[in-house]
Amino acid sequence: MANSFTQISFGTNKALPQTLVDATPVSVESLTPEKVVDFRLQLSSQLQTTLEIEQLITILYRQLKKIMPVSGIEYMCEKPHAKAIAGRLHKHRCCYQLSMDKMNFGEIIFTRNKRFSEKELATIESMMDLVIFPIRNALKHLEALACAMIDPLTGLYNRTAMSISLTREIERARRHEDQSISILAVDIDHFKSINDRYGHLTGDNVLRQVAQIVQSSIRGCDASFRWGGEEFLICLSNSNASLAHMVAERIREAIADSTLLPDKERQVTASFGIANYSNESDWPALVDRADKALYSAKAQGRNRTVTSLSPQVNSQFA
Ligand SMILES: Nc1nc2c(ncn2[C@@H]2O[C@H](COP(=O)(O)OP(=O)(O)OP(=O)(O)O)[C@@H](O)[C@H]2O)c(=O)[nH]1
């Protein structure tokens, strides 16, 4: 197993906010070998108490401050995305790239307002082997949590994520009158016949492509979910009836204009049902209205958008 802790910069002149001067800890120069062993044991057992990156960095910061002055620790990882800061960032930095078995586990930065001595650097570096395993485990935990929320076929959020997200959105809409939401229920038309004619793999491919169109047609603050087989839900934040209708039509046209099947002459279309928030007490009531509007769009001939104006579906577009 090849651990590597590449120190990638030290004592840079990069200006970082200068604020805090930490309480004076024991000098690392005066640490006896016994105290170092004791410190490592303590750090190691503390780091085993959590799988949360933020808590790990806070523990590391608190423990390290016991043996040397450090004003802050910053940790970041690109994939899976993770970021944590403990304390305050300062001008002088000592950075390590954490990797093991050719896998990258992010970058950790120790900062303070004066340079680290050689002895301090050696001490920090010697701690990295205690830090890398808990960080690796925390990243795996983070990935597992993310997987539990993602539909593996389309990469969209799944129903679990949907329930969490819509509960929050409904709560926000209820509290802030100016932050209404819209739900778009989207269902691919005659999807069974696509499966029957081209096979399930092609059907899966159509689902993926439609999901991509949906995802690329909404803003960063909106969210899309795979609701069931060939049905998707979109939640538009800070939305109203005309915005929701415009977004639905844009996606509907993008799907109809795309070549999604091997038979390039054959069009894939989808139907849309919209429900705008109207004092519903919970998200299933709102989704139910969107679903009824979708049912109406199907009944009216498909490849169209129908908006439910609370409480009944009584308005039709397209
Ligand atoms: N390929 C594939 N097919 C799926 C998946 N999930 C559900 N389906 C299929 O989606 C089809 C849905 O068919 P129906 O509910 O009859 O709906 P439809 O044919 O789209 O008809 P309308 O909705 O009325 O336009 C079924 O044949 C399911 O087997 C999936 O993950 N992959």
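In this text, all values refer to a predicted model and were calculated from it rather than measured experimentally.

(A) Examining the overall build of the protein chain more closely. For the protein chain, the count of helices and strands is eight helices and eleven strands. Considering only contacts within the protein chain whose residues lie at least 6 apart along the sequence, 65% involve residues at least 24 apart.

(B) Molecular detail of the site of the ligand. As a structural note, the neighbourhood of the ligand is formed by 16 residues, with Asp 189, Phe 191, Lys 192, Gly 203 and Gly 229 the closest of them. When contributions to the shell around the ligand are tallied by element, the ones reaching two or more residues are strand S6 (182–188), helix H5 (191–198) and helix H6 (200–216). Of the residues forming the shell around the ligand, the biggest block, four residues, is contributed by H6. Of the residues assigned to the shell around the ligand, the class counts are four nonpolar, five polar and seven charged.

(C) Structural view of H6. With 17 residues, H6 extends 24 Å from end C-alpha to end C-alpha; this agrees with the ideal 24 Å at 1.5 Å per step. Every buried residue belonging to H6 is among Gly 203, Val 206, Leu 207, Val 210, Ala 211, Ile 213 and Val 214, and all of these are buried. Taken around the axis of H6, the buried residues stretch over an arc of 160 degrees, which confines them to a single face. Pointing more than 90 degrees away from the buried face of H6 are the exposed residues Leu 201 and Ser 216. If you follow the buried residues of H6, they end up packed against S6, H5, strand S7 (223–226), strand S8 (231–236), helix H7 (241–257) and strand S9 (270–276).

(D) Layout of the nonpolar core. Ranked by size, the top nonpolar core spans 46 residues in total, and within it Ile 183, Leu 184, Val 210, Phe 232, Leu 233 and Ala 290 carry the most contacts. Mapped onto this core, the elements with two or more residues apiece are helix H4 (159–175), S6, H6, S7, S8, H7, S9 and helix H8 (283–299). Considering every element that reaches this core, the biggest residue donor is H8, with seven residues. Setting aside residues no more than four positions away along its own chain, Ile 183 makes contact with Leu 233, Cys 235, Ala 275, Leu 286, Val 287 and Ala 290. Core analysis: the second largest hydrophobic core is formed by 34 residues, Phe 39, Tyr 61, Ile 73 and Cys 94 among them.

(E) Quick peek at the confidence of the model for the protein chain. Looking at the protein chain as a whole, the pLDDT averages 88, with 89% of positions reaching at least 70. Highest mean pLDDT in the protein chain belongs to S6 (98); lowest belongs to strand S1 (residues 3–10) (38). Predicted confidence for residues 1–24 stays below pLDDT 50, and this span has 46 contacts to residues more than four positions away or in other chains. Under a pLDDT of 50 for its full length, residues 312–318 has, in the predicted model, 17 contacts with residues more than four places off or in other chains. Prediction confidence for the complex, expressed as pTM and ipTM, is 0.69 and 0.96 respectively.

(F) Quick look at the packing of helix H2 (residues 53–65) against helix H3 (residues 118–147). Put simply, H2 and H3 touch, their axes get as near as 9 Å, and they point 160 degrees apart. The angle between H2 and H3 places the two elements in the roughly antiparallel class. Along this stretch, H2 crosses H3, giving a crossing that reads as right-handed. Facing Ile 53, Leu 56 and Leu 60 of H2, the residues of H3 in contact are Val 131, Pro 134, Ile 135 and Ala 138.

(G) Seen up close, the pairing of strand S5 (residues 103–112). Where strand S2 (residues 72–77) meets S5, five bridges bridge the pair, whose relative direction is antiparallel. From the neighbouring strand, Gly 72 faces S5, where its bridge partner is Thr 111. Relative to S5, strand S4 (residues 92–100) is paired through eight bridges, and the arrangement is antiparallel. In the strand pairing of S5, Cys 94 is matched with Phe 110.

(H) Structural detail: the environment of Ala 254. Turning to its location among the elements, Ala 254 is positioned in helix H7. Residue class for Ala 254 comes out partly exposed when judged on the 15 C-beta atoms lying within 10 Å of it. Sequence separation of Ala 254 and Val 214 is 40 residues, and the distance between their C-alpha atoms is 8.9 Å. Once residues within four sequence positions are removed from consideration, Ala 254 is found in contact with Ile 213 and Ser 217.

(I) Representation of H2. The first and last C-alpha atoms of H2 sit 18 Å apart over 13 residues, in line with the 18 Å expected at 1.5 Å per residue. Within H2 the residues assigned to the buried category are Ile 53, Leu 56, Ile 57, Ile 59, Leu 60, Tyr 61 and Leu 64. If you follow the buried residues of H2, they end up packed against helix H1 (33–47), S2, strand S3 (82–87) and H3.

(J) The pairing of S2, seen in detail. Judged by how many residues are buried, S2 sits mostly within the fold: five of six residues are covered. Alignment of S2 against S3, held across six bridges, turns out to be antiparallel. Among the inter-strand pairings, Ile 73 is bridged to a residue of S3, identified as Ala 86. Where S2 hands over to S3, the hairpin turn is made up of four residues, counted between the paired strands.

(K) Region of the structure containing the environment of Met 149. By the secondary structure assignment, Met 149 is in the loop between H3 and H4. Distance from Met 149 to Met 162, taken between C-alpha atoms, is 8.4 Å for residues 13 residues apart in sequence. Setting aside residues no more than four positions away along its own chain, Met 149 makes contact with Tyr 157, Asn 158, Thr 160 and Ala 161.

Criteria and cut-off values
Residues numbered from 1 in each chain as written. Predicted model: local features only at pLDDT ≥ 70, side-chain atom pairs only at ≥ 80, totals over all residues. Helix = DSSP H or I, 4+ residues; strand = E, 2+ residues; numbered from the N terminus. Contact = placed C-beta atoms within 7 Å. Near = placed C-beta within 6 Å. Nonpolar A, V, L, I, M, F, W, Y, C, P; charged D, E, K, R; others polar. Expected span 1.5 Å × (residues − 1). Buried ≥ 20, exposed ≤ 12 C-beta atoms within 10 Å, placed from the backbone. Arc of directions from axis to C-beta. Core = buried A, V, L, I, M, F, W, Y, C linked by C-beta atoms within 7 Å. pLDDT = per-residue confidence, 0-100. Axes fitted to C-alpha atoms, helices over the stretch in contact; angles between N-to-C directions. Parallel < 35°, antiparallel > 145°, perpendicular 65-115°, else oblique. Left-handed = near helix turned anticlockwise from the far one by under 90°. Pairing = 2+ DSSP bridges.

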